Each structure stands twice: as C-alpha cells, then as structure tokens.
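Per-entry structural report
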Amino acid sequence: MNFQRFTASGTWTKPSGVNAIYVECIGGGAGGAGGHGSAINLTRGGGGAGGAGARSCRWMSATIAGATETVTVGSGGTGGAGGSSGVGFAGTAGGNSTFGSHLTGHAGGFGTPLITSGAGGGG
C-alpha cells in the first residue's frame, strides 16, 4: 500500500506495480462576506458565510493515470471586510483542487453582503 497526501500543489509519481489508484480532491473553501454597519439606522446584518469546498473521489485503473500527474491544491478564499457605515464587502471564492485532468474538487462560492443579512456561498 502506498499513501500520498498533498497539502500543497506538486507532482504525483505513479508507484511501480500498482493496478488501481484511489484519488480524493477537496476544493478550497470560500471566504465569508463582511458585515453591514450603518450610522444612519440600527439595522446591521452579518455577512454571508463562504461555501465549503466539494469533495470528489474516484477509483481508477492505474493505466489511466500517467507516470506523473500534476496535483493542484485549491487555496481557501479570503473574508471580506466589514462596512463601518455601509454594506460590507464580499469574500472571495476558493480554488479548485485537481488530479491531472482526471478529477476535480470544486471550490466553494463566496459569501455576499446584504443590508440585513448576507447570503451564503454555494458548496
């Protein structure tokens, strides 16, 4: 058994003598939006949460994968700044994680700010 975990982007090298491989990709989570602040009225709302990155997994014949495959580890999104006297700012989306062209774990969608409450990002 050969186990490899990537916490940063890099290159996977196929071990000799394997017949099948199991791959998991988890997309980067997104950043939440900043909250709303208002000097004119007391209505304040929180920013929407960022969506979680999706998890994708697949068993495949080792013959499908190349001798090496590029592994991309999606980064997490950043949170948006809060508004001191107005609507806050949206967060940013995360990044996709990939194993060559064989598998993608999609990133989470960013949270959005609204006057009373923000909308969460898609997972």
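Residue positions within a chain follow its written sequence, with the count starting from 1. A pLDDT threshold of at least 70 governs which residues receive local features in this predicted model, and a stricter bar of 80 or more applies before side-chain atom pairs are shown or counted, although totals over entire chains, interfaces and linings include all residues. Note: side-chain values were computed over all heavy atoms of the structure, leaving out hydrogens and water.

To qualify as a helix, a DSSP run of H or I must reach at least 4 residues; to qualify as a strand, a run of E must reach at least 2; elements of each kind are numbered from the N terminus. The helix and strand inventory of the protein chain stands at zero helices and six strands. Beginning at the N terminus, the succession of helices and strands in the protein chain can be written as β-β-β-β-β-β. For the protein chain, the residues scored as buried account for 31% of the 123 residues in total. Considering only contacts within the protein chain whose residues lie at least 6 apart along the sequence, 73% involve residues at least 24 apart. Computed with the Shrake-Rupley method and a 1.4 Å probe, the accessible areas treat only the protein chains shown as cover for residues. When the accessible surface of the protein chain is summed, it comes to about 6,800 Å², and 55% of that surface belongs to carbon and sulfur atoms. The classification of residues rests on relative accessible area computed with a 1.4 Å probe and restricted to protein chains. Under 20% of the type maximum is buried, over 50% is exposed, and intermediate values are partly exposed. Contact between two residues is taken to exist if any of their heavy atoms lie within 4.5 Å; hydrogens are not considered.

Strands were regarded as paired on the criterion that DSSP finds at least two bridges between them. Reading across the sheet, the four strands line up as 1-4-5-6 and stay open at both edges, with antiparallel pairing between neighbours. For this open sheet the edge positions go to strand 1 (10-13) and strand 6 (103-105), each flanked by a neighbour on one side alone. Across the sheet, the mean angle from the axis of one strand to that of its neighbour is 20°, orientation sign disregarded. Direction of pairing for strand 5 (residues 97-99) relative to strand 6: antiparallel, over a ladder of three bridges. Paired with Thr 98 across the strands is Thr 104, a residue of strand 6. Here an angle of 0 to 180 degrees is reported between the N-to-C directions of two axes, which are lines fitted to C-alpha atoms, with helices fitted over the stretch in contact.

Turning next to the nonpolar core. Here the nonpolar core consists of buried residues drawn from Ala, Val, Leu, Ile, Met, Phe, Trp, Tyr and Cys, with membership extended through side-chain atoms lying within 4.5 Å. Grouped together as the largest cluster of nonpolar side chains are nine residues: Trp 12, Ile 21, Val 23, Cys 25, Met 60, Ala 65, Val 71, Phe 99 and Leu 103. Setting aside anything within four residues of it in sequence, one finds Ala 65 in contact with Trp 12, Lys 14, Ile 21 and His 102.

Moving on to the packing of aromatic side chains. The aromatic pairing rule takes the rings of Phe, Tyr and Trp, using the six-membered ring of Trp, and pairs them if the centres are within 6.5 Å, calling planes under 30 degrees apart stacked, those over 60 edge-to-face and the rest tilted. Summed over all chains, the structure comprises two aromatic pairs. Arranged with centres 5.2 Å apart and planes meeting at 70°, the rings of Trp 12 and Phe 99 form a pair that is edge-to-face. Of this pair, Trp 12 sits in strand 1 while Phe 99 is found in strand 5, placing the two residues 87 residues apart along the sequence. Neither Trp 12 nor Phe 99 differs from the other in exposure class; each is buried. Between Tyr 22 and Trp 59, the aromatic rings sit 5.1 Å apart at their centres with planes inclined by 50°, giving tilted as the arrangement. In this pair, Tyr 22 is assigned in strand 2 (residues 20-26) and Trp 59 in strand 3 (residues 55-61), connecting sequence segments 37 residues apart. Overall, Tyr 22 belongs to the partly exposed group, its relative accessible area being 38%.

Position of Thr 78 among the secondary structure elements: in the loop between strand 4 (68-72) and strand 5. With 49 residues separating them along the chain, Thr 78 and Gly 29 place their C-alpha atoms 9.2 Å apart. Not counting residues within four places of it along the chain, the set of residues in contact with Thr 78 comprises Gly 31, Gly 32, Gly 91 and Thr 92.

What follows covers the environment of Arg 55. Examined against the element boundaries, Arg 55 turns out to sit in strand 3. Leaving out residues up to four positions away in the same chain, Arg 55 has contacts with Tyr 22, Glu 24, Cys 25 and Ile 26. Nitrogen and oxygen atoms within 3.5 Å of one another constitute a polar contact, given that in protein one can donate a hydrogen and the other can accept it, and given that sequence-neighbouring residues count only through two side-chain atoms. For Arg 55, the side chain forms a polar contact with the side chain of Tyr 22, separated by 3.5 Å. Side-chain polar atoms of Arg 55 contact the side chain of Glu 24, separated by 3.1 Å.

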